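# Descriptive analysis of the structure
Chain by chain, the residues run as shown.
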2 protein chains.
Amino acid sequence: MAPDRHLLTAELLSVGSELTVGETRDTNAGDLARSLTGIGVAVGRIQAVPDDLATVRDAVTAAFGRADLVVSTGGLGPTPDDLTREAIAAAVGEEPIVDPELEAWLRALWSRRAMPFPEMNLKQAWLLPSAVALPNPNGTAPGWWVDRPDGGVVVALPGPPREMRPMWTDHVLPRLFARGAGVPMASRTLRLAGIGESQLADLLGEELLRAPDPIVATYARSDAVDVRISSRDLPGATGASTATERVGAMADRLRDTLAAHVWAEGDTTWPDAVGAALAERGHGLAVVEVGTGGSLATLIGDRDWLTFSESLAVGTATAREHRTAEGLEHLARRGAELGGAAVGIAVRARSRGADTAVSIVVIGPGWAHRERRMVFLGGANGRIRAALAAAHVLLAAIRAH
Amino acid sequence: MAPDRHLLTAELLSVGSELTVGETRDTNAGDLARSLTGIGVAVGRIQAVPDDLATVRDAVTAAFGRADLVVSTGGLGPTPDDLTREAIAAAVGEEPIVDPELEAWLRALWSRRAMPFPEMNLKQAWLLPSAVALPNPNGTAPGWWVDRPDGGVVVALPGPPREMRPMWTDHVLPRLFARGAGVPMASRTLRLAGIGESQLADLLGEELLRAPDPIVATYARSDAVDVRISSRDLPGATGASTATERVGAMADRLRDTLAAHVWAEGDTTWPDAVGAALAERGHGLAVVEVGTGGSLATLIGDRDWLTFSESLAVGTATAREHRTAEGLEHLARRGAELGGAAVGIAVRARSRGADTAVSIVVIGPGWAHRERRMVFLGGANGRIRAALAAAHVLLAAIRAH
């Protein structure tokens, strides 16, 4: 029986040369990091290493010297390249033995298909004395849960996401809960537009951004500047409030301060937010763009409430004939008509020095809204920022009516 | 002047708590790993670490103890959380100073917009005595190239991919080439359309796919199925042929076998390939889509030769009135006219059982091409595949005339 060590920190190890040569992208580590963060286990490091025994062994050893929990993905296949089991065995100083139950299960997989069992696969029946096998109903590689004498835990999962994910959810998370891993935690994310990250940081102030609890962090993403507020109820802390209360109070305070810029919360994307605002009112949308290279339609994407979209180069006759604010409004109305949509937006972007000037007209049933914005940078970057500005104006206009 | 150390190994370090909490997925490390592998520099480890000064500093120190080249991404923003500069400074034991040129450049960015300069941003003008700044025309964070006394190199790049990628291509790769980094290696990638990965693997055969030199591997990507042929001239190897010759012979052989499916080579994207074919003929392009959710225009993206694009929901009056092949051709001609473009394509996608049927008409000066294809899957996946089929037909039609 392992000592009652509270599992609070983790490191993730993705094993496979296909990752370090850049031919395959690792999605497992990000998924696991998010899951662990969500149960209040702090992920201190994510590593990808090639299929090299000494490298993997040393990485495992270093990781469980720093963290309570080490989770590896990949390297559990039957080939000589798959050496995560060997590496963990070497790191914990144990000899793997063939587990009779696993061997019987594996051999049955082949005999069921009337195929000879490839003896190479026998290593998928290996187990360490200190490990239990995690069943894999979606493949031939069982996982390992290894209890360390110091109370730490090493978990080895297969690399293919459709094998890894169910094993994590069905066999690892329940064991982590049973062990009391993690701490109660809470987080909220505010999504902002029309403000740069540095302007935002100035507004929030260094004191707030450096405060240890709740943690307030800003992220410049391609579709928003995010403010993430998070907190954990650390063991032994004797505050009067819970993480959820502290995060809620801070989020409410920041929503007030940043009201003009907050357009959504959490994982909400522009298509989600615009789609929800339209759905509440039973409206469809038409988009006409001039000089943006279609950036606004690309931002909104393939949605069935977007019934019409059109993108015109600035040099086309139609674009030249609709250069004024009235012309732009006409394009918005014509688009709405062609799309049979209640709401129409027309946006025109043009270079203004090194930056981009954006004119936006949104029309709806009985209302019209015109707005101009300047956005940072020119060229393709400026056009993407023009699309973000247009989406921001569009959402505010729909919500206001 | 740094000693003449041959840069053969690298480690990648992605800095940011958004990565270790799983809020953001790291695409930079994979891109860099692929690029470095491509020039014969072996990537030994990829790590993501949180915004913690001691952790980043120790990770940098450990990495340049193991590898010739360390490349970091992220943590170059203006906020107190952005501490890659501080961490590298601590790891190499130097004090950052404000670089007057960088400071002037930064202040000009703000004064251009008549905005007060946030003093917090001044750290983006920092430089180490042993570093040179790498220009960032797409943002406010310059990168660093740091020459170590032992001949090793540390490179710090910004996190946003649209800032990182051009800096890598325009400022880091040329310096690596000038330093003679890597070993001679050759690779060619054939980009295929209209064939699935398993169909392709069957066609190539197991023997070819398991051969050690040249290595032939297949990858199912979002915009193509790729066949990658690669080989390295290892130091001391005394074969009769070079890696380039071996790869060239195999690529030529596979190009013949797969001729109907190969639409490009290397990193070529659909916009690259279509743009090149149009440019050779001095043509522009107009796109009209019905029932695709704008997937073809999104695939082609923001390009100045795409002068007109329109996407219609199937239920709109215009879409209903142009349901026949003649109607589709009319839409292609009208689009070309509105865009002032010599080439026009109209594509219509509709569900056919669990799959998607695609009708395509391409018109050019004095010619028209009509084609129908069935693509796997329905819904949004089917619409994306419909766009790929349309791009494939478009490219072949332009090239044939």
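The structure reproduced in this document is the subject of the present report. Because the structure is predicted, anything quoted here is derived from the model rather than measured.

So, how was this worked out
Residues numbered from 1 in each chain as written. Chains lettered and ligands numbered in written order. Predicted model: local features only at pLDDT ≥ 70, side-chain atom pairs only at ≥ 80, totals over all residues. Heavy atoms only, no water. Pairing = 2+ DSSP bridges. Helix = DSSP H or I, 4+ residues; strand = E, 2+ residues; numbered from the N terminus. Axes fitted to C-alpha atoms, helices over the stretch in contact; angles between N-to-C directions. Contact = heavy atoms within 4.5 Å. Buried area = accessible area lost by both parts, 1.4 Å probe. Salt bridge = Lys/Arg side-chain N within 4 Å of Asp/Glu carboxyl O. Nonpolar A, V, L, I, M, F, W, Y, C, P; charged D, E, K, R; others polar. Buried < 20%, exposed > 50% of the residue type's maximum accessible area, 1.4 Å probe, protein only. Phe/Tyr/Trp six-rings, centres within 6.5 Å; stacked < 30°, edge-to-face > 60°. Lys NZ or Arg CZ within 6 Å of the ring centre and 35° of its normal.

Let's shift gears to the sheet that holds strand E14 (residues 306-312) of chain B. Sheet architecture is open: ten strands sit in the order E17(A)-E16(A)-E15(A)-E13(A)-E14(A)-E14(B)-E13(B)-E15(B)-E16(B)-E17(B), paired in mixed fashion. Edge positions in the sheet fall to strand E17 (367-375) of chain A together with strand E17 (367-375) of chain B, since each of these pairs with one other strand and no more. Averaged over all adjacent pairs, the angle separating strand axes in this sheet is 10°, with direction ignored. As judged from the six bridges shared by strand E13 (residues 285-290) of chain B and strand E15 (residues 343-352) of chain B, these two strands associate in the parallel manner. In the sheet register, Ala-286 of chain B faces E15 of chain B, and the bridge partner there is Gly-344 of chain B. Helix H14 (residues 379-400) of chain A contacts strand E13 (285-290), strand E15 (343-352), strand E16 (355-364) and E17 of chain A of the sheet and is inclined by roughly 150° relative to E17 of chain A.

This next bit is on the interface of chain B and chain A. The interface of chain B with chain A comprises 62 residues on the first partner and 63 residues on the second. Considering only the side of chain B, the residues that lose the most area to chain A are Glu-23, Arg-162 and Asp-302 of chain B, jointly responsible for 12% of the buried surface there. Seen at the junction of chain B and chain A, the total is ten salt bridges. Between Arg-112 of chain B and Asp-355 of chain A there is a salt bridge whose closest N-O contact spans 3.3 Å. When its residues are assigned to classes, the side of chain B that touches chain A shows 23 nonpolar, 24 polar and 15 charged. Pairing of strand E2 (residues 42-49) of chain A with strand E2 (residues 42-49) of chain B involves three bridges; the strand directions are antiparallel. Residue pairing for E2 of chain B: Ile-46 of chain A is matched across the bridge by Ala-48 of chain B.

Okay, the pattern of salt bridges next. The tally for this structure, following the rule as stated, stands at 62 salt bridges over all chains. The partner of Arg-188 of chain A in a salt bridge is Glu-265 of chain A, and the shortest N-O contact between them spans 2.8 Å. Placement of the pair is Arg-188 of chain A in strand E9 (residues 185-192) and Glu-265 of chain A in strand E12 (residues 262-265), with a sequence separation of 77 residues. Classification of Glu-265 of chain A as partly exposed rests on a relative accessible area of 23%. Residues Asp-226 of chain B and Arg-191 of chain B are paired through a salt bridge, measuring 2.9 Å at the closest nitrogen-oxygen approach. A residue pair is termed long-range when its members are at least 10 positions apart, and Asp-226 of chain B in strand E11 (residues 225-232) and Arg-191 of chain B in strand E9 (residues 185-192) qualify at 35 residues. Neither Asp-226 of chain B nor Arg-191 of chain B differs from the other in exposure class; each is buried. The network of salt bridges with shared partners includes Glu-23 of chain A together with Arg-34, Arg-191, Arg-221, Asp-223, Asp-226 and Arg-228 of chain B.

Here we take up the sheet that holds strand E10 (residues 215-220) of chain A. All names here are of chain A. As summarised here, the arrangement of the four strands in space is E10-E11-E9-E12, forming an open sheet in which the pairing is antiparallel. Each having just a single partner strand, E10 and E12 make up the two edges of the open sheet. Taken over all neighbouring pairs, the strand axes of this sheet differ in orientation by 25° on average, direction set aside. As judged from the three bridges shared by E9 and E12, these two strands associate in the antiparallel manner. Residue Arg-191 lies in a different strand from E12, and its bridge partner there is Ala-264. Along the sheet face, helix H9 (residues 243-257) touches E9, E10, strand E11 (225-232) and E12 and points at about 15° away from the line of E9.

A complete count under the given rule lists five aromatic pairs over all chains for this structure. Judged by centre distance (3.5 Å) and plane angle (10°), the ring pair of Trp-263 of chain B and Trp-270 of chain B falls under stacked. Through a chain of ring-to-ring contacts, three or more aromatic side chains come together here, namely Phe-376 of chain A together with Trp-110 and Phe-117 of chain B. Residue placement shows Arg-148 of chain A over the ring face of Phe-64 of chain A; its charged tip is 5.0 Å from the ring centre. The ring of Trp-145 of chain A has Arg-175 of chain A sitting right over it, with the charged end atom 6.0 Å from the ring centre.

A word on unusual backbone geometry. All names here are of chain A. Cis geometry is adopted by the peptide bond preceding Pro-214, which originates at Asp-213 and carries an omega value of -10°. Within the element layout of this structure, Pro-214 appears in the loop between helix H8 (206-210) and E10. Phi is positive for Leu-377, close to 70°, though the residue is something other than glycine. Examined against the element boundaries, Leu-377 turns out to sit in the loop between E17 and H14. Its relative accessible area of 13% is what places Leu-377 among the buried residues.

Turning our eyes to something else, we now look at the pairing of E16 of chain A. All names here are of chain A. Most of E16 is tucked away, with ten of its ten residues classed as buried. Side-chain alternation along E16 places Asp-355, Ala-357, Ser-359, Val-361 and Ile-363 on one buried face and Thr-356, Val-358, Ile-360, Val-362 and Gly-364 on a second face that is also buried. Where E15 and E16 come together, nine bridges link them in antiparallel fashion. Bridge pairing links Arg-350 to Ala-357 in E16. Here E16 runs beside E17; their pairing, made up of nine bridges, is antiparallel. Residue Gly-364 lies in a different strand from E17, and its bridge partner there is Trp-367. Hairpin geometry of E16 and E17 is characterised by an intervening segment of two residues between the two adjacent antiparallel strands and by a positive phi of about 80° at Gly-366.

By themselves, these are just geometric observations and shouldn't be taken as functional.
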